[in-house]
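Geometric and topological summary
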Amino acid sequence: MSYIVALTGGIGSGKSTVAESFSRHGVSIVDADIIARQVVAPGEQALEELGKRFGTSIILADGSLNRPALRERIFSNPIEKEWVNKLLHPIIHSRTQHLIALAKTPYVVWVVPLLIENGLQTQADRILVVDVEPQIQLSRTMLRDGVDRQQAESIIAAQVSREKRLACADDIIDNSGDPQTIEPRVAQLHRQYLKLAAGENRQDIAKHD
Ligand code: ADP
């Protein structure tokens, strides 16, 4: 089993940018957002279950999930929200474990935007936070997603605070400068994670002796 480095950070902080940099070092990346989309893709059992519960209004004509419609149905309904979480979280968890187990690298970077919001910290060996101040987060999100200030602000407000996130960090990447400035930091962390992963493997071997 690979050593798991959870990479988290607020919207627009630079998680994808940092993950790309790790993948240039040959590190396997497991992306929680991609997994969350895959488990409700057309043909998946979970999508069928959602259709049975909420009706065809949450399925689009092409057979895919109508995310805004589902979000609306569960937004102010904690019971339904809980039902959806109970359905999807175990499936997401087992797929994540499966993908991590398939990884051939000593450690994997698990990109997980809502690590802290969803209480997943214990599923990682190490927590790496990409950090920028909220003003930068705001302007980069507006530019990337073409959303207005109010929309970007409300997404940021719905996420855990910068302080809480930083309090969970083992390591921090400051991404407020030029994108190139993260490269030496990622290279340094890569060396550190290889060492930590090697130590972990030795412990695993010792446990089985
Ligand atoms: P996240 O995955 O955390 O939402 P991204 O990696 O997509 O964030 O970065 C958000 C946006 O900011 C993207 O358009 C990205 O190209 C840009 N970006 C990332 N890092 C920097 C940086 N250091 N300077 C300027 N723009 C950046």
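Residues numbered from 1 in each chain as written. Predicted model: local features only at pLDDT ≥ 70, side-chain atom pairs only at ≥ 80, totals over all residues. Heavy atoms only, no water.

1. Brief notes about empty space enclosed by the protein
This is how it is decided: A cavity here means a set of points on a 1 Å grid, drawn over the protein atoms and nothing else, where a 1.4 Å probe fits but cannot get out; a pocket is an open set with protein on both sides within 12 Å along at least five of seven lines, and a residue lines either one if it has an atom within 4 Å of a point. Grid points are joined across faces, edges and corners, and a volume is the space filled by probe spheres set on the points. Numbering goes from the N terminus for both helices and strands, where a helix is a DSSP run of H or I of at least four residues and a strand is a run of E of at least two. Side-chain classes follow a simple rule in which Ala, Val, Leu, Ile, Met, Phe, Trp, Tyr, Cys and Pro form the nonpolar group, Asp, Glu, Lys and Arg form the charged group, and the remainder, Gly included, forms the polar group.
For the structure shown, the criterion picks out one cavity of 30 Å³ or more. Contributing to the lining of the largest cavity are Gly10, Ser13, Val129, Val130, Asp131, Val132, Gln137, Arg162, Arg165 and Leu166. Looking at the lining of the largest cavity, the elements that each hand over two or more residues are strand E4 (126-131) and helix H8 (162-167). Considered class by class, the residues forming the lining of the largest cavity number four nonpolar, three polar and three charged.

2. Focus: the layout of surface pockets
Empty space among the atoms can be located by rolling a probe the size of a water molecule over them. Rules: The start and end points of each domain follow an automatic or database-based domain assignment.
Here the largest pocket defines a volume of roughly 2100 Å³. In terms of lining, the largest pocket is formed by 46 residues, of which the most central are Asp33, Ala36, Pro113, Leu114 and Asn118. Counting only elements with at least two residues in the lining of the largest pocket, the list comes to helix H1 (15-24), helix H2 (32-38), helix H4 (67-75), helix H5 (78-102), strand E3 (107-111), helix H6 (134-145) and helix H7 (149-158). Per-element tally for the lining of the largest pocket: the top contributor is H5, with eight residues. Across the lining of the largest pocket, the residue classes tally to 21 nonpolar, 14 polar and eleven charged. Composition of the lining of the largest pocket by domain shows at least three residues from each of domain 1 (1-27 + 107-201) and domain 2 (42-104).

3. Some thoughts on the packing of aromatic side chains
Going by this rule: For this analysis, a ring pair means two rings from Phe, Tyr or Trp (six-membered ring only for Trp) whose centres lie within 6.5 Å, classed as stacked if their planes differ by under 30 degrees, edge-to-face if by over 60, and tilted for the remaining angles. For every residue, the accessible area obtained with a 1.4 Å probe (protein chains only) is divided by the maximum for its type, and the residue is called buried under 20%, exposed over 50%, and partly exposed between those limits.
Evaluated as defined, the whole model comprises four aromatic pairs. Look at phenylalanine 22 and tyrosine 193: their rings are 6.2 Å apart centre to centre, the planes differ by 20°, and that puts the pair in the stacked class. Residue phenylalanine 22 is located in helix H1, and its partner tyrosine 193 is located in helix H9 (residues 182-208); the two are separated by 171 residues in the primary sequence. Where tyrosine 107 meets tyrosine 193, the ring centres are 5.4 Å apart and the plane angle is 70°; that geometry is what we call edge-to-face. Residue tyrosine 107 is located in strand E3, and its partner tyrosine 193 is located in helix H9; the two are separated by 86 residues in the primary sequence. Exposure class is identical for tyrosine 107 and tyrosine 193. Each is buried. Every member of this aromatic cluster is reached through a ring pair, and the members are Phe22, Tyr107 and Tyr193.

4. Brief notes about the UniProt feature "binding site: ATP" (unreviewed entry) in the protein chain
Threshold: UniProt positions are given in the numbering used here, feature names are shortened, and annotations may be inferred rather than shown by experiment. When checking whether two residues touch, look at their non-hydrogen atoms; a contact exists if any pair is within 4.5 Å. Any N or O atom pair separated by 3.5 Å or less is treated as a polar contact, with the protein-specific requirement of one donor-capable and one acceptor-capable atom, and with residues adjacent in sequence counted only for side-chain atom pairs.
When the UniProt feature table is mapped to this numbering, "binding site: ATP" (unreviewed entry) covers Gly12, Ser13, Gly14, Lys15, Ser16 and Thr17. Of the annotated positions named here, the largest cavity is lined by Ser13. Note on placement: serine 13 falls in the loop between strand E1 (3-8) and H1. Contacts of serine 13, omitting those with residues within four sequence positions, involve Val130, Val132, Gln137, Arg140 and Asn175. Looking at serine 13, its side chain comes within polar contact range of the main-chain oxygen of glycine 10, at 2.7 Å. Relative to the elements of secondary structure, lysine 15 occurs in helix H1. Apart from the residues within four sequence positions on either side, lysine 15 is in contact with Leu7, Thr8, Gly9, Gly10, Val111, Pro113 and Val130. At a separation of 3.1 Å, a polar atom in the side chain of lysine 15 contacts the main-chain carbonyl oxygen of glycine 9.

5. Points about the domain arrangement of the protein chain
Rule in force here: When two parts are put together, the accessible area they lose, computed with a 1.4 Å probe and summed over both, is reported as buried area. Each reported salt bridge corresponds to a side-chain nitrogen of Lys or Arg within 4 Å of a carboxyl oxygen of Asp or Glu.
Assigned domains within the protein chain: domain 1 (1-27 + 107-201) and domain 2 (42-104). Counting the surface lost from both domain 1 and domain 2, the interface buries some 530 Å², and carbon and sulfur atoms represent 70% of this. Its largest share of buried area at the contact with domain 2, domain 1 owes to Met1, Val108 and Gln123, together 57% of the area lost on that side. Counting across the interface, domain 1 meets domain 2 through zero salt bridges. Counting across the interface, domain 1 meets domain 2 through one residue pair in polar contact (both at pLDDT 80 or more). Counted by class, the side of domain 1 that touches domain 2 contains four nonpolar, two polar and no charged residues.

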